[in-house]
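Chain by chain, the residues run as shown.
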Amino acid sequence: VLSRLSATDLRRFGYAKLARAAGLDLPGGACWILTMLAKQGATPGPELARQAGVTMAEGHPNAQLLVDRGLVTRTDGVLALTPAGSETAGRLFAAKREWLEHQLAGWSPQQHAELDQVLTKLSRAILGDESDRHLADR
């Protein structure tokens, strides 16, 4: 149920809203890149563009923004998170987890250790998915 609610929320509002919730000034496409890299590790730019369903030219501005802000490095065409990028991706995952927790009003993760683990795992599983590629600019 939480997965379905979360997918609906992303479809309606996208990664840009999630960035705002995390207190970040980043476009949706940049947030998608951060969460993908956090989940799968260093990735060649062409592979990341393929996963996003965009051309290299279309994806370049978001990737370059992340490089310029010191959140991602680009070495021989491979993109990788910096420590600051990992922390920023963590903020996105935390914002998603907070949204999921809010959907469970009345349930306390502190009282239900299993729920706490599920929320953390689910927030990471949901973000940075190839199926979200069309949501990145919302």
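**Considering the overall build of the chain**
Okay, step 1: Scanning the chain for helices and strands turns up six helices and three strands.
Okay, step 2: Sequence-ordered secondary structure for the chain, helices as α and strands as β, is α-α-β-α-α-β-β-α-α.
Okay, step 3: For the chain, restricting intrachain contacts to residue pairs at least 6 apart in sequence, the fraction spanning at least 24 positions comes to 68%.
Okay, step 4: Looking at the chain as shown, the accessible area adds up to about 7,400 Å², and 54% of this sits on carbon and sulfur atoms.

**Brief notes about helix α5 (residues 83-103)**
Okay, step 1: A rise of 1.5 Å per residue sets the reference length of α5, with its 21 residues, at 30 Å; its end C-alpha atoms lie 30 Å apart and thus fit the reference within 8%.
Okay, step 2: When we look at burial in α5, the residues that qualify are G85, T88, A89, L92, F93, A95, K96, R97, W99 and L100.

**With respect to the pairing of strand β2 (residues 72-75)**
Okay, step 1: Bridge count for β2 against strand β3 (residues 78-81) is four bridges, and the pairing is antiparallel. Across the sheet, the residue bridging to T75 is V78, located in β3.
Okay, step 2: Taking the residues between adjacent antiparallel strands as the criterion, β2 and β3 are bridged by two residues, where D76 takes a positive phi near 50°.

**Looking at the sheet that holds β3**
Okay, step 1: The strand order across the open sheet built from three strands is β1-β3-β2, with neighbouring strands paired in antiparallel fashion. A strand with exactly one partner marks an edge of an open sheet, and here the two such strands are β1 (43-44) and β2.
Okay, step 2: In this sheet, β3 lies alongside β1 in antiparallel orientation, the contact comprising two bridges. Bridging from a neighbouring strand, T43 pairs with L79 of β3.
Okay, step 3: Sheet strands touched by helix α2 (residues 28-40): β1, β2 and β3. Its angle to β3, the strand with the most contacts, is close to 85°.

Quick notes on the rules
Residues numbered from 1 in each chain as written. Predicted model: local features only at pLDDT ≥ 70, side-chain atom pairs only at ≥ 80, totals over all residues. Heavy atoms only, no water. Helix = DSSP H or I, 4+ residues; strand = E, 2+ residues; numbered from the N terminus. Contact = heavy atoms within 4.5 Å. Areas by Shrake-Rupley, 256 points an atom, 1.4 Å probe, with all protein chains shown as cover. Expected span 1.5 Å × (residues − 1). Buried < 20%, exposed > 50% of the residue type's maximum accessible area, 1.4 Å probe, protein only. Pairing = 2+ DSSP bridges. Axes fitted to C-alpha atoms, helices over the stretch in contact; angles between N-to-C directions.

Distances and angles like these do not, on their own, reveal function.
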